[in-house]
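Geometric and topological summary
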Amino acid sequence: MWSMLFVYTQSTDAYQKVTDAAFYYEVLSKQQNNLPASREVVIPADVKVSVIIMNHGRPYMLKKSNLMPTLLAHNSIDQVMICHSNPKTKFDYDHPKVTHIDAIEANKKMGLSLRFHFCQEAKNPWIMIVDDDQEISSSAIDQLLSEFAANPKRIVGKFGRGYSFWSAPWRYGYNTKNIMGDVEVVLTKFMALERQLCHRFFEYSHLVSDLLPESKPLWNAEDIFMSLTANHVYNVPFSGPFNNYAMPLDVWEAPDAVYKDGDIEVDNVSGNLDRITWYNDGLQPYLTAYSKATTHTRYRGRLWYNAKRRLAALNVTATR
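Below, the structure is looked at part by part. (Residues numbered from 1 in each chain as written. Predicted model: local features only at pLDDT ≥ 70, side-chain atom pairs only at ≥ 80, totals over all residues. Heavy atoms only, no water.)

1. With respect to the overall build of the protein
Tallying secondary structure elements over the protein gives 10 helices and 12 strands in all. Sequence-distant contacts in the protein: of pairs separated by 6 or more residues, those separated by 24 or more amount to 77%. Carbon together with sulfur atoms contributes 54% to the accessible area of the protein, which is approximately 15,300 Å² in total. (Helix = DSSP H or I, 4+ residues; strand = E, 2+ residues; numbered from the N terminus. Contact = heavy atoms within 4.5 Å. Areas by Shrake-Rupley, 256 points an atom, 1.4 Å probe, with all protein chains shown as cover.)

2. Describing unusual backbone geometry
Omega for the peptide link from Lys216 to Pro217 comes to -10°, which places this bond in the cis form. With respect to the helices and strands, Pro217 occurs in the loop between helix H6 (196-204) and helix H7 (222-233). Residue Pro241 is bonded to the preceding Gly240 through a cis peptide linkage, with omega at 5°. Within the fold, Pro241 resides in the loop between H7 and strand E11 (244-246). Positive phi values are uncommon outside glycine, yet Ala221 reaches one of about 80°. Tracing the chain through its elements places Ala221 in the loop between H6 and H7. Residue Ala221 is classed as buried on the basis of its relative accessible area of 0%. Located in the positive-phi region is Asn235, a residue other than glycine, with phi close to 60°. Relative to the helices and strands, Asn235 is located in the loop between H7 and E11. (Buried < 20%, exposed > 50% of the residue type's maximum accessible area, 1.4 Å probe, protein only.)

3. Brief notes about the environment of Asp92
Of note, Asp92 is situated in the loop between strand E2 (77-84) and strand E3 (98-102). For Asp92 and Ile82, which are 10 residues apart along the polypeptide, the C-alpha to C-alpha distance reads 9.8 Å.

4. Observations concerning H7
Its 12 residues place the ends of H7 16 Å apart at the C-alpha level, agreeing with the 16 Å of an ideal helix rising 1.5 Å per residue. Of all the 12 residues making up H7, 12 are buried; the element is thus mostly covered by neighbouring parts of the structure. Along H7, the positions that sit buried rather than exposed are Glu222, Asp223, Ile224, Phe225, Met226, Ser227, Leu228, Thr229, Ala230, Asn231, His232 and Val233. Positive backbone phi, approximately 60°, marks Asn235, located one or two places after H7. (Expected span 1.5 Å × (residues − 1).)

5. A word on the pattern of salt bridges
Opposite charge on two side chains allows them to pair when their charged atoms are near. Inspection of the entire model under this criterion finds 13 salt bridges. In this structure, Arg302 engages Glu214 in a salt bridge whose closest nitrogen and oxygen atoms are separated by 2.5 Å. Residue Arg302 is found in helix H10 (residues 283-319), and its partner Glu214 is found in the loop between H6 and H7; the two are separated by 88 residues along the sequence. Arg302 gets classed as buried once you look at its relative accessible area, which sits at 10%. Here Arg300 and Asp223 are joined by a salt bridge, their closest N and O atoms 3.0 Å apart. Highlighted residues: Arg300 in helix H10 and Asp223 in helix H7, separated in sequence by 77 residues. (Salt bridge = Lys/Arg side-chain N within 4 Å of Asp/Glu carboxyl O.)

6. Considerations on the sheet that holds strand E1 (residues 49-55)
Ordered in space as E3-E2-E1-E4-E10-E6-E11-E8, the 8 strands form an open sheet in which the pairing is mixed. The two strands at the open ends of the sheet, each matched to only one other strand, are E3 and strand E8 (181-183). The pairing of E1 with E2 spans 7 bridges and is parallel. The residue of E2 that forms the bridge with Val51 is Val80. (Pairing = 2+ DSSP bridges.)

7. Brief notes about the pairing of E2
Across the 8 residues that make up E2, a large majority, 7, are buried. Of the pairings in the sheet, the one linking E2 to E3 comprises 5 bridges and is parallel in character. Bridged to His84 within E3 is Asp102.

8. A short note on the packing of aromatic side chains
Two aromatic rings, taken as a pair, are described by how far apart their centres are and by the angle between their planes. A complete count under the given rule lists 8 aromatic pairs for this structure. With a centroid separation of 6.0 Å and 65° between ring planes, the pair formed by Tyr174 and Trp304 is classed as edge-to-face. A residue pair is termed long-range when its members are at least 10 positions apart, and Tyr174 in the loop between strand E7 (160-161) and E8 and Trp304 in helix H10 qualify at 130 residues. Taken together, a centroid distance of 5.0 Å and an interplanar angle of 75° make the contact between Phe201 and Phe202 edge-to-face. Look at Phe201 and you get buried, because its relative accessible area is 0%. Look at Phe202 and you get partly exposed, because its relative accessible area is 25%. Linked through ring pairs, Phe116, Phe201, Phe202, Trp219 and Phe225 together constitute an aromatic cluster. Directly above the aromatic system of Phe159 lies the positively charged group of Lys189, at a separation of 4.9 Å from the ring centroid. Here the guanidinium or amino end of Lys308 rests over the ring plane of Phe238, the centre of that ring lying 4.4 Å away. (Phe/Tyr/Trp six-rings, centres within 6.5 Å; stacked < 30°, edge-to-face > 60°. Lys NZ or Arg CZ within 6 Å of the ring centre and 35° of its normal.)

9. Overview of the state of the cysteines
Counted according to the given criterion, the structure contains 1 disulfide. Not part of a disulfide, Cys83 finds its nearest cysteine sulfur in Cys119, a span of 9.6 Å. (Disulfide = S-S within 2.5 Å.)

In structure tokens form, the structure reads like this:
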């Protein structure tokens, strides 16, 4: 039992050692749903946005779902950058707003973080990142950009995450539930951020280089590190109040049954536990999914824990 009272790490770096017991009492209440009254949807007329999408294993879904038509029809979006990271799934999408990027070599070195690498080449200072398996409405884009315009010095999206070690010590405190309002982390499924953060991501990425060999795929939890980078850049206090923002938006996952035909099989490291039950799929598939999900979330929690403290240590060092 006592072993659960301590967090062990392999690194000998002083800033990674746990010496402050108060850490374990960081309250998730600061990250609960705390949505203000809805704002009037207003997008500045001169705002133009670049969208980054990574195409790796679901080209058919990306070509046939409503995602691309909705993005391309929006007046505020004048560039959609498709990063083709897999030679087996590269495809053409002929449209004046679409920029195709050969990201195959970048994927070998950067994994999921390649979106932030190519984000630096976007022509607009405002960036929207969308996963290839999401479907969205035009009103969701309007609301996202309107909220982001109210304060661009943060990350805004739909999917927020919170952290509290004792809520799930077996996951290093990672909370898998979607939370709304002011949050510490926003997922890359659908989010808006400033282009300059993409450069800052790589400025600090060395801080977690020792953890990356455990990531599957490479740079899994890139959204956590990006959000923590934003918090550091925008001087958000270590324990909050947090600045990033998650809001209810008309965004949903494209159904596999409709769009997956023609896509290649890609191992889902998260386990798809939300789609598998022991009574429908059998005990062994469920246990396999559970094992993958536990490994996946524990890694994300461990990266969150360490990255947050290492970024904070930069401030301490700078003041000495």
